[in-house]
Amino acid sequence: MSFSAMEIAKAAKDAFESSQLIPSSRRVEALHAIRTGLTSQKQEILAANKKDLEPISGKAAEVEVHAGRMSESLLKRLDLGKGDKWDTMLQGIIDVANLPDPTGNVTYACELDDDLELYRMSCPIGVLLVIFEARPEVVVNIAALAVKSGNAAILKGGKESNRTTQLLAQAISNGLSTAAFPETYIQAIQTRAEVSSLLGLDQYIDLVIPRGSNSLVRSIQNNTRIPVMGHADGLCSVFLDESAAVEKAVRIVVDSKTDYPSACNAAENLIIHESILHTVWPVVAGALLTAGVKLLCDPATLEVVKSLSPPPGNLETHVTPSAAESYTTEHLSLTISVIVLPSVQAAIRFINSHSSHHTDTIVTENADNASAFCRGVDSASTFVNASTRFADGFRYGFGTEVGISTGRIHARGPVGLEGLVIYKYMIRSKSKSGHIVGEFGTGKKQFKHNLIHATSVPFLV
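Residues numbered from 1 in each chain as written. Predicted model: local features only at pLDDT ≥ 70, side-chain atom pairs only at ≥ 80, totals over all residues. Heavy atoms only, no water.

Student: Which residues make up the packing of helix α7 (residues 137-149) against helix α8 (residues 162-177), and what values do they have?
Tutor: Taken N-terminus to C-terminus, the directions of α7 and α8 make an angle of 25°; their axes are 10 Å apart at the nearest point. Comparing the axis directions of α7 and α8 gives the class roughly parallel. Pair α7 / α8 crosses with right-handed handedness. Residues Val139, Val140, Ala143 and Val147 of α7 touch α8, and the partners they reach there are Thr165, Leu168, Ala169, Ile172 and Leu176. Looking at the contact of α7 with α8 residue by residue, the classes come out as eight nonpolar, one polar and no charged. (Axes fitted to C-alpha atoms, helices over the stretch in contact; angles between N-to-C directions. Helix = DSSP H or I, 4+ residues; strand = E, 2+ residues; numbered from the N terminus. Parallel < 35°, antiparallel > 145°, perpendicular 65-115°, else oblique. Left-handed = near helix turned anticlockwise from the far one by under 90°. Contact = heavy atoms within 4.5 Å. Nonpolar A, V, L, I, M, F, W, Y, C, P; charged D, E, K, R; others polar.)

Here it is as structure tokens:
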């Protein structure tokens, strides 16, 4: 039976509201049940995933890539059986289950008057609409975070992973049903038409989280009144300052670019301090070329690479001049844009004007430069002597992540459980006659505003 977007959204809102009295311990039970359900259906899900990888509009996915109709990075993200992706997905559920409950925590408490207390308590956001491309494991990541944080969710994967997404969602629903959650608590949809309709239902949906291409995110941002949390680009930079150690620079640059080139936290720009142009840069360039990375170089760095002796075997095919747009392009492949600059201040200005404010790192032995870089670069994550690839919810200890936000409000950087809760204020009067505002003011009672130490709201325990 098919349901309209209105019915799906309303069911999600009803499921959210009816779940608010479910204790956090039941949420943990549900997460373990989801993991068990996924494990029991592993072969069926992976078989569906293989079918998703095969015919797409009558042509093999590899043919689509070669024809330019699908990016190679998109195809890699679609494969749920690649490497340890399945095991990592399941471990993410347990990691989330083991995290502290993000709801019900008091972040502010104050005595306003005798027997009148104010509490600010963390609470779920409501109904999440999460739209993503190709990566089917996102269904499980989001479901785990939503359940643990008390949010309902509607999920839309790319058309390339419809079979996988539907089976994952089915296994999740089966697990939820064993813990007394509404079966519509986590729902999966399939079509763009459904998404378009849901984006207009701000009376039911509280937050949209897009994960995917620049065009996907910007399209959603431009077509809804619902708040959108996410990032459109992953333009990350590595800056090698004048004190950068050669071995450290090589390790960090190569890892930032090659560990997973299609990831949003892979480095796209490399900035070289002019004083190490003839010392550190040649070694780093050689290491990148050995790793098969294509270099788009400004005139100064290009001249150095072309003078390498002996010349790298792939010099002619992998080294070309950069253009202005090279430094604002998310390559998502083994390509990196290189530029030389005279100072840490110049690097900060360059990053702030060219990056997507996602993740940027400095390689340095200078504490002052490290401090200036971390304070001056206006990005969600700024690192010192560490690969940009560390910008990830799992690596941050969030269990998994719902996405990465480069916004300026609510949540920023990898968004885990804490990014999926907001807060509400609660006042309780213990006076026999209650409290009214008319008793306060000039010549009347004055507010005390005495801070209270509290980790929970007493009358909710």
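Having seen the model, we can carry on.
Student: I'd like to hear about helix α13 (residues 299-306), residue by residue, with values.
Tutor: Taken together, the buried positions of α13 are occupied by Thr301, Leu302, Val304 and Val305. What you see down the axis of α13 is that its buried residues fit within an arc of 160°, all on one side. Among the exposed residues of α13, those pointing more than 90 degrees away from its buried face are Pro299, Glu303 and Lys306. (Buried < 20%, exposed > 50% of the residue type's maximum accessible area, 1.4 Å probe, protein only. Arc of directions from axis to C-beta.)

Student: Would you mind going over the pattern of salt bridges in detail, with residue names and values included?
Tutor: In the structure shown here, the tally under the stated rule is 17 salt bridges. Of the charged contacts in the structure, one is a salt bridge between Asp52 and Arg163, with a shortest N-O distance of 3.2 Å. On the criterion of sequence distance, the pair formed by Asp52 in helix α3 (residues 42-53) and Arg163 in helix α8 is long-range, its members being 111 residues apart. Residues Lys248 and Glu365 are paired through a salt bridge, measuring 2.7 Å at the closest nitrogen-oxygen approach. Residue Lys248 is found in helix α11 (residues 246-258), and its partner Glu365 is found in the loop between β14 (359-363) and α16 (367-376); the two are separated by 117 residues along the sequence. (Salt bridge = Lys/Arg side-chain N within 4 Å of Asp/Glu carboxyl O.)

Student: Describe the state of the cysteines, and please don't skip the residues or the numbers.
Tutor: Under the criterion given, the structure shown has zero disulfides. Unpaired in this structure, Cys110 has its nearest cysteine sulfur neighbour in Cys123, at a distance of 19 Å. According to the relative accessible area criterion, Cys110 is buried, its value standing at 1%. Note on Cys123: relative accessible area 9%, which makes it buried. (Disulfide = S-S within 2.5 Å.)

Student: Tell me about the domain arrangement of the protein chain, and please be specific about residues and values.
Tutor: Annotation of the protein chain at the domain level lists domain 1 (5-222) and domain 2 (236-401). The distance between the C-alpha centroids of domain 1 and domain 2 comes to 33 Å. Buried area between domain 1 and domain 2, summed over both chains or domains, comes out near 860 Å², and the portion from carbon and sulfur atoms is 55%. Our count for the contact surface shared by domain 1 and domain 2 stands at zero salt bridges. Between the two partners, domain 1 and domain 2, sit two residue pairs in polar contact (both at pLDDT 80 or more). Secondary structure elements with two or more residues in the side of domain 1 that touches domain 2: α5 (72-78), α6 (85-98) and α7. For the side of domain 1 that touches domain 2, the residue count by class is four nonpolar, three polar and three charged. (Domains from an automatic or database assignment. Buried area = accessible area lost by both parts, 1.4 Å probe. Polar contact = N/O pair within 3.5 Å; in protein donor to acceptor, adjacent residues only side chain to side chain.)

Student: Tell me about the sheet that holds strand β7 (residues 186-189), and please be specific about residues and values.
Tutor: In spatial order, the strands read β7-β6-β5-β8; together these four strands make up an open sheet with parallel pairing. With one partner strand each, in any of the chains shown, β7 and β8 (207-211) form the two edges of the open sheet. The mean inter-strand angle of the sheet, taken between neighbouring strand axes irrespective of direction, is 20°. Judged from the five bridges that link them, strand β5 (residues 127-132) and strand β6 (residues 152-156) form a sheet pairing that is parallel. Note on β6: the bridge partner recorded for Ile131 is Lys156. Lying on the sheet, α7 is in contact with β5, β6, β7 and β8; it crosses β6 at an angle near 170°. Of the strands in this sheet, β5 and β8 touch helix α10 (residues 214-221), which is tilted by about 160° from β8. (Pairing = 2+ DSSP bridges.)

Student: Just give me the short version of the sheet that holds strand β13 (residues 335-341), but keep the residues and values in it.
Tutor: Strand order in the open sheet formed by seven strands is β12-β11-β13-β10-β9-β14-β15, with parallel pairing between adjacent strands. Among the strands making up the open sheet, the edge pair consists of β12 (319-321) and β15 (381-384). Neighbour to neighbour, the strand axes of the sheet diverge by 20° on average, direction disregarded. Pairing of strand β11 (residues 294-297) with β12 involves three bridges; the strand directions are parallel. Of the residues in β12, the one forming a bridge with Cys297 is Pro321.

Student: An account of the packing of aromatic side chains is needed here, citing residue identities and associated values.
Tutor: For any two aromatic rings, the description comes down to two numbers: the centre-to-centre distance and the angle of the planes. Within the structure shown, the criterion is met by six aromatic pairs. An angle of 85° between the planes, with centres 5.7 Å apart, marks the rings of Tyr423 and Tyr425 as edge-to-face. When the ring of Phe440 is compared with that of Phe447, the centres are 4.3 Å apart and the planes differ by 0°; the resulting orientation is stacked. Since its relative accessible area comes to 11%, Phe440 is described here as buried. Directly above the aromatic system of Tyr423 lies the positively charged group of Arg120, at a separation of 5.3 Å from the ring centroid. (Phe/Tyr/Trp six-rings, centres within 6.5 Å; stacked < 30°, edge-to-face > 60°. Lys NZ or Arg CZ within 6 Å of the ring centre and 35° of its normal.)

Student: Run through α16, naming residues and quoting values.
Tutor: Listed as buried for α16 are Asn369, Ala370 and Phe373. Projection of α16 onto a plane perpendicular to its axis shows the buried side chains occupying an angular sector of 100°, all on one side. Counted as exposed and oriented over 90 degrees from the buried face of α16: Ala367, Asp368 and Arg375. One side-chain oxygen at the N-terminal end of α16 lies 2.9 Å from the backbone nitrogen of Asp368; it belongs to Asn366.

Student: Tell me about the pairing of strand β10 (residues 267-273), and name the residues and values.
Tutor: Taking burial as the measure, the seven residues of β10 include seven buried ones, the bulk of the element. Note: strand β9 (residues 236-240) against β10, five bridges, orientation parallel. Each bridged residue has a counterpart across the sheet, and for Ser237 the counterpart in β10 is Asn269. For the segment spanning β9, α11 and β10, crossover handedness is right-handed. Here five bridges tie β10 to β13, and the two strands are oriented parallel to one another. When the bridges of β13 are listed, Asn269 appears paired with Ser337. (Right-handed = clockwise from strand over helix to strand, strands pointing away.)

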